[in-house]
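Report on the structure
As a plain string of letters, each chain reads:
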Amino acid sequence: AQRVTQPEKLLSVFKGAPVELKCNYSYSGSPELFWYVQYSRQRLQLLLRHISRESIKGFTADLNKGETSFHLKKPFAQEEDSAMYYCALRANFGNEKLTFGTGTRLTIIP
Amino acid sequence: EAGVAQSPRYKIIEKRQSVAFWCNPISGHATLYWYQQILGQGPKLLIQFQNNGVVDDSQLPKDRFSAERLKGVDSTLKIQPAKLEDSAVYLCASSLEGAAKNIQYFGAGTRLSVL
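Per-chain numbering applies: the sequence of each chain, read as written, is numbered from 1 onward. All chains are assigned letters beginning at A, and all ligands numbers beginning at 1, according to the order in which they are written. Local features in this predicted model are restricted to residues whose pLDDT is 70 or higher, and side-chain atom pairs enter the listing and the counts only when it is 80 or higher, whereas totals over whole chains, interfaces and linings include all residues. Side-chain numbers here rest on the full set of heavy atoms in the structure, without hydrogens or water.

Contact residues are listed per partner, giving 22 residues for chain B and 18 residues for chain A. A combined buried area of about 1,600 Å² lies between chain B and chain A, and 48% of that area is made up of carbon and sulfur atoms. Summed over both partners, the accessible area (1.4 Å probe) lost when two parts come together is defined as the buried area. Counting the surface chain B buries against chain A, the share from its top three residues, Pro43(B), Asn102(B) and Phe106(B), is 35%. By salt bridge we mean one thing: a side-chain nitrogen of Lys or Arg within 4 Å of a carboxyl oxygen of Asp or Glu. Across the contact surface, chain B and chain A share 0 salt bridges. Two N or O atoms count as a polar contact when they lie within 3.5 Å, although within protein this holds only if one can serve as hydrogen donor and the other as acceptor, and sequence-adjacent residues are included solely when both atoms are side-chain atoms. One can count 5 residue pairs in polar contact (both at pLDDT 80 or more) joining chain B with chain A. Among the residues forming the side of chain B that touches chain A, the class breakdown is 9 nonpolar, 11 polar and 2 charged. Should any heavy atoms of two residues lie within 4.5 Å, those residues are considered in contact. Following the grouping adopted for this structure description, the nonpolar residues are Ala, Val, Leu, Ile, Met, Phe, Trp, Tyr, Cys and Pro, the charged ones are Asp, Glu, Lys and Arg, and the polar ones are all others, Gly among them.

The structure is reproduced here in structure tokens:
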């Protein structure tokens with residue numbers, strides 16, 4: 001069975017400082033990894049996925065299969081980055097459902 | 001493009017009562033998902049439909065929860081009878097088929113409080 005772990009429930013970072021939200025997973029196969037974000041009073045939405053290898057709103061995430069991690073990073077935090085962030089995993093076979101982590105609430109301190 | 005619509009936004013009921021939630025996915029999205037999100041946890045998939053067929057309902061408590069998507073568009077999720085531990089936000093999501101299935105679009109959710 002797949003599992004996603006986000007060790008930090010809360011993370012506070014000063015504006016302009018680097019941000020790293022941690023995500024570790026356990027899955028025996030080759031998964032697809034995603035980061036979803038929920039801004040205040042908005043619905044959950046996709047931020048980025050590892051297969052796209054793109055930077056969205058300055059955020060990047062690299063899949064490290066050796067460490068089974070998919071940490072989300074941004075070099076300079078902005079106030080609008082304050083939100084709830086969820087890491088999610090999709091198995092590459094079977095019903096392909098998403099398994100979410102418990103989320104990290106990121107607060108950017110002005 | 002209109003997003004995933006859900007109603008009601010909030011619902012308060014007493015335990016042992018029944019409740020139903022409605023979801024209208026994005027037009028053309030064949031796959032529809034219902035998630036349960038308990039406070040402090042991530043969304044947990046309850047049931048996944050492909051058109052009007054069930055793909056995965058392994059985590060749906062079938063003794064009290066039921067869901068249907070009769071015409072392959074709208075869907076309803078019902079709880080009968082509700083328990084205190086059913087208090088949660090119920091999220092509906094939809095996606096296209098194929099590789100685009102990876103991108104799920106979420107509704108605003110229905111917040112259920114069971115007293």
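With that settled, the discussion passes to the packing of aromatic side chains. Classification of ring pairs uses Phe, Tyr and Trp, with its six-membered ring standing for Trp, and accepts pairs whose centres are within 6.5 Å; under 30 degrees between planes counts as stacked, over 60 as edge-to-face, and the remaining range as tilted. This model, assessed by the stated rule, comprises 11 aromatic pairs over all chains. Geometrically, the ring pair formed by Phe21(B) and Tyr90(B) is stacked, given 5.0 Å between the ring centres and 25° between the ring planes. Of this pair, Phe21(B) sits in strand β3 (residues 19-24) while Tyr90(B) sits in strand β9 (residues 88-95), placing them 69 residues apart in sequence. Burial status follows relative accessibility: with a 1.4 Å probe on protein chains alone, a residue under 20% of its type maximum counts as buried, one over 50% as exposed, and anything between as partly exposed. Residue Tyr90(B) is classed as buried on the basis of its relative accessible area of 0%. Between Tyr35(B) and Phe106(B) the ring centres are 5.5 Å apart and the planes differ by 40°, which places this aromatic pair in the tilted class. Highlighted residues: Tyr35(B) in strand β4 (residues 31-37) and Phe106(B) in strand β10 (residues 105-106), separated in sequence by 71 residues. An aromatic cluster of at least three residues, connected via ring pairs, comprises Phe34(A), Tyr36(A), Tyr86(A), Phe100(A), Tyr33(B), Tyr35(B) and Phe106(B). Secondary structure elements follow DSSP: runs of H or I no shorter than four residues count as helices, runs of E no shorter than two count as strands, and numbering proceeds from the N terminus.

What is meant by a nonpolar core is a set of buried Ala, Val, Leu, Ile, Met, Phe, Trp, Tyr and Cys residues, joined one to another through side-chain atoms within 4.5 Å. Core analysis: the biggest nonpolar cluster contains 26 residues, and Trp35(A), Leu72(A) and Tyr85(A) have the highest contact counts within it. No other element matches the 4 residues that strand β9 (residues 83-90) of chain A contributes to this core. Membership of the second largest hydrophobic core comes to 21 residues, among which are Phe21(B), Leu32(B), Ile79(B) and Ala82(B).

Turning our eyes to something else, we now look at the state of the cysteines. All names here are of chain B. Throughout, a disulfide means two cysteine sulfur atoms within 2.5 Å of one another. Overall, the coordinates contain 2 disulfides over all chains when judged by the stated rule. Covalent S-S linkage joins Cys23 and Cys92, the inter-sulfur distance amounting to 1.9 Å. Its torsion about the S-S bond being -70°, the disulfide of Cys23 and Cys92 is classed as left-handed. In this pair, Cys23 sits in strand β3 while Cys92 sits in strand β9, placing the two residues 69 residues apart along the sequence. Taken individually, Cys23 and Cys92 each receive the classification buried, so the pair is uniform in this respect.

Residue and element names in this part refer to chain A. Reading across from one edge, β3-β8-β7 is the order of the 3 strands in this open sheet, with antiparallel pairing throughout. Of all strands in the sheet, those with a lone pairing partner are β3 (19-21) and β7 (60-61), marking the two edges. We call two strands paired when DSSP finds no fewer than two bridges between them. Across 3 bridges, β3 lies against strand β8 (residues 72-74) in antiparallel orientation. Within β8, the residue paired with Leu21 across the bridge is Leu72.

Shape is all these values report; function is a separate question.
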